[in-house]
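One-letter residues, chain by chain:
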2 protein chains.
Amino acid sequence: MSLIVQKYGGTSVGSVERIKEVAKKVIDYRNQGHDMIVVVSAMSGETNRLIDLAKQLNDDPRGRELDVLLSTGEQVTIALLSMTLEQLGMPAVSYTGSQVRILTDNAHNKARITDIDDDKIRADLKQGKVVVVAGFQGCDEDGNITTLGRGGSDTTAVALAAALKADECQIYTDVDGVYTTDPRVVPEARRLDHITFEEMLEMASLGAKVLQIRSVEFASKYNVPLRVLSSFTEGGGTLIAAEDPSMEQALISGIAFNRDEAKITVLGVPDHPGIASQILGPVAAQNIEVDMIIQNTGHDSTTDFTFTVHRNDYKAALKILEQTADKLGAREVNSDDHIAKISVVGVGMRSHAGIASTMFTALADENINIEMISTSEIKISVVVNEKYLELGVRALHKAFNLEQDPAA
Amino acid sequence: MSLIVQKYGGTSVGSVERIKEVAKKVIDYRNQGHDMIVVVSAMSGETNRLIDLAKQLNDDPRGRELDVLLSTGEQVTIALLSMTLEQLGMPAVSYTGSQVRILTDNAHNKARITDIDDDKIRADLKQGKVVVVAGFQGCDEDGNITTLGRGGSDTTAVALAAALKADECQIYTDVDGVYTTDPRVVPEARRLDHITFEEMLEMASLGAKVLQIRSVEFASKYNVPLRVLSSFTEGGGTLIAAEDPSMEQALISGIAFNRDEAKITVLGVPDHPGIASQILGPVAAQNIEVDMIIQNTGHDSTTDFTFTVHRNDYKAALKILEQTADKLGAREVNSDDHIAKISVVGVGMRSHAGIASTMFTALADENINIEMISTSEIKISVVVNEKYLELGVRALHKAFNLEQDPAA
């Protein structure tokens, strides 16, 4: 018997019929002897309906009042799910974030959890009840309702799992797990049975949008095993957990990619200390986030400096750069918004040489020119022309044999 | 400068446009220098929508979970109204029942308020904020959300007015005050400028459904002046307050009536102690409420016993009575579900003789036979054949000159 926290998102509880399905799934687990805590989101569409009402009355509503409004969405779901469980003969009790209480700071609309009071929940679990908790919300020290921001229900689930030392935190979504890459690009893509926190963080931030990155960070920090599963199909999903040294790790777990970046290069800037901050300072001042940054060794006392930004910020960033380049006496600015980034991710590369070489060879074999390279301990990213994205991903997926289960 | 509590019902906040109208009205009062507390209901239709969702998932949901669900209705409104006030430049803050906190017993769906913590509200008022409070809800000592039952928002408003010693509690509805009788029956019916608590209680319980009777009782108990006004039209409404000895009271304030009762008579029952409880005991045991009860002096050691019940309970009550009559050896049971009750109400009748006589003469002049009579200190009720209802009410309205303002 173990303690399991399950989280169901808006689509999973989007109708009366789906709430019934969730209740049945929860009861199945409970009947296997597990203690169950269930975290739910607002029914799909409800949060947008509320925001729409608010916008009709105030073009910039104060965070505190917006949180009072939005938190009703999950409150409706916890009541409905508890009722459904009880209708099916399973004792249940619901809690809002304030009732638990899930204490947060007072940053409305994007609050961070600071403490969770687990007394009531433990008492209910001891009585055999299923505990249903509203995701996405908490309250500050003065009792003001706060929300954690979009996707915050995942964070609630992980935080509860951490506070109650749950054996597993299961996140139910509309996908059945984490794949080696996007199956729409590579039909042979394979669902991973397990992946490490670090790999998942690299995959998520690189565009494999299965889980909120914040909840993965949280799970990693408190070492809560996290499982991604589908609400709609059977299957064990993907377990995201700390690296297990006893387990043979695959060299590469997956291939992430995105095509929503653009690159800007400043050529021939004076190679002296502080140049990077002089170039990126004005960009950051406009709240433009920079992803990859590359500066190569200079020559003739000048250097070339390249970075990527989101395509939505491309024009604004370019405008800033043209001014900066003038000031710095740079030779030239050039840029490209038809690029794609492809990354291979895997903790196995720590202890294995030759990953980069395999990657570059596979791309070269397809005549794909690499425009930028950036590496971290468990990932290698390259920037290529956008038109080579699918071809590159497929070539790499094959080169690393990702269609085959390494355990098989 | 005074402290005013205003309450707006579901129709008054039933749309984005109406919430804007409410905000403007509140700001008008605030700008006149009054401290303002505003109690709101759920937007019209919302409570029924939520109940409908619940019924699809549980045919008899537990009170605790139903309260978690229903309380979201008012929570949405407080957030929307606060945002609207702020959009219009008026500082505002919203509170749920739990946040205030409005402490209740734990009788879910029909909880009673036991205490109100006024610290936060006083602090906000001192800062010049409009305080917006969710009606209909509170929490018990363990922090469980409770609701006060339908119409409970009126009770919330009166309870807040009592706790904060407000100068006036204004209840906004879709009628513009309390009338001498139903204007649909008597076009000359006149809006009363003021009426005493006692009269209002008699009027309300007799069918003039303007205010929840519980909130009038509460206002009377704590001596909170209550004003009924329309959200949609201008006008001073009707002030419901304690009797003011310095004020000349009208003889009769109004004429209440209903046609939803039926009468049952047991003829020739043995006239001995305990007979009333033997007759009504089995009726009460079936949770059937009895309104009028009349027993006249007996003769030949038997007596006749008559009572009225709601028409919905008529058949059930009659069935019980036929059994009881057999047991008691009564001569006969007869009954009539085509009756109407007409009552004249007024504190003035305490100090004036002849009211009953005027009433009976007016009815006799129209050839209306009186079937039953029952009196209290400030009311005289008669039961007549249902077909005479409108005629009787009009005759009495005229006999007591209710179309004329007594102050005029």
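In the block above lies the structure referred to throughout.
Residues numbered from 1 in each chain as written. Chains lettered and ligands numbered in written order. Predicted model: local features only at pLDDT ≥ 70, side-chain atom pairs only at ≥ 80, totals over all residues.

Participant: Just checking my understanding: could you explain the pairing of strand E19 (residues 370-376) of chain B for this structure?
Facilitator: When a strand is regular, its side chains alternate between the sheet's two faces. Residues and elements named next belong to chain B. Sheet topology note: the E19/strand E20 (residues 379-385) ladder contains six bridges and is antiparallel. Bridging across to E20, Thr375 finds its partner in Ile380. What sits between the antiparallel neighbours E19 and E20 is a turn of two residues. (Pairing = 2+ DSSP bridges. Helix = DSSP H or I, 4+ residues; strand = E, 2+ residues; numbered from the N terminus.)

Participant: Hey, could you run me through the interface of chain B and chain A in this one?
Facilitator: Contacts between the two partners involve 27 residues from chain B and, on the opposite side, 27 residues from chain A. Going through the elements one at a time, helix H1 (16-31), helix H2 (46-57) and helix H3 (63-87) of chain B are the ones with two or more residues in the side of chain B that touches chain A. Per-element accounting of the side of chain B that touches chain A gives the leading share, 14 residues, to H3 of chain B. For the side of chain B that touches chain A, the residue count by class is 14 nonpolar, ten polar and three charged. (Contact = placed C-beta atoms within 7 Å. Nonpolar A, V, L, I, M, F, W, Y, C, P; charged D, E, K, R; others polar.)

Participant: Help me out: how do you make sense of helix H12 (residues 389-399) of chain A in this one?
Facilitator: Given 3.6 residues per helical turn, the α-helix brings residues three or four places apart onto the same face. Residues and elements named next belong to chain A. Those residues of H12 not exposed but buried are Gly392, Val393, Ala395, Leu396 and His397. Here the buried face of H12 lies against strand E13 (254-258), strand E18 (339-345), helix H11 (355-365) and strand E20 (379-385). Asn401 occupies a position one or two residues after H12 and carries a positive phi of about 55 degrees. (Buried ≥ 20, exposed ≤ 12 C-beta atoms within 10 Å, placed from the backbone.)

Participant: Would you explain helix H8 (residues 213-222) of chain A in this entry?
Facilitator: Residues and elements named next belong to chain A. Listing the buried residues of H8 in full gives Ser215, Val216, Phe218 and Ala219. All buried residues of H8 fall inside an arc of 160 degrees around its axis, so they share one side. The positive-phi residue at the C-terminal boundary of H8 is Asn223, with phi of around 55 degrees. (Arc of directions from axis to C-beta.)

Participant: Would you explain the relation of the copies chain B and chain A in this entry?
Facilitator: Mapping chain B onto chain A is achieved by rotating through 180 degrees and translating by 0.1 Å along the same axis, at an RMSD of 0.2 Å. Taken together, the rotation and translation describe the operation of a two-fold axis. When C-alpha positions in chain B are compared against the rotation axis, the closest is assigned to Thr72 of chain B, at 2.7 Å. Take the interface residues of chain B: 100% of them recur as interface residues in chain A, which is what a same-surface contact looks like. (Least-squares fit on C-alpha atoms with pLDDT ≥ 70 in both.)

Participant: Would you mind showing me how to read unusual backbone geometry here?
Facilitator: The bulk of non-glycine residues show a negative phi, and the bulk of peptide bonds are trans. Along the chain, Val100 of chain A connects to Arg101 of chain A via a cis peptide bond; the corresponding omega equals -10 degrees. The topology assignment puts Arg101 of chain A in the loop between helix H4 (97-100) and strand E4 (102-104). Even without glycine at this site, Asn109 of chain A takes up a positive phi of about 75 degrees. Phi at Asn367 of chain B is positive, roughly 60 degrees, even though this residue is not glycine. For Asn367 of chain B, the location among the structural elements is in the loop between helix H11 (355-365) and E19.

Read these as spatial facts, not as claims about activity.
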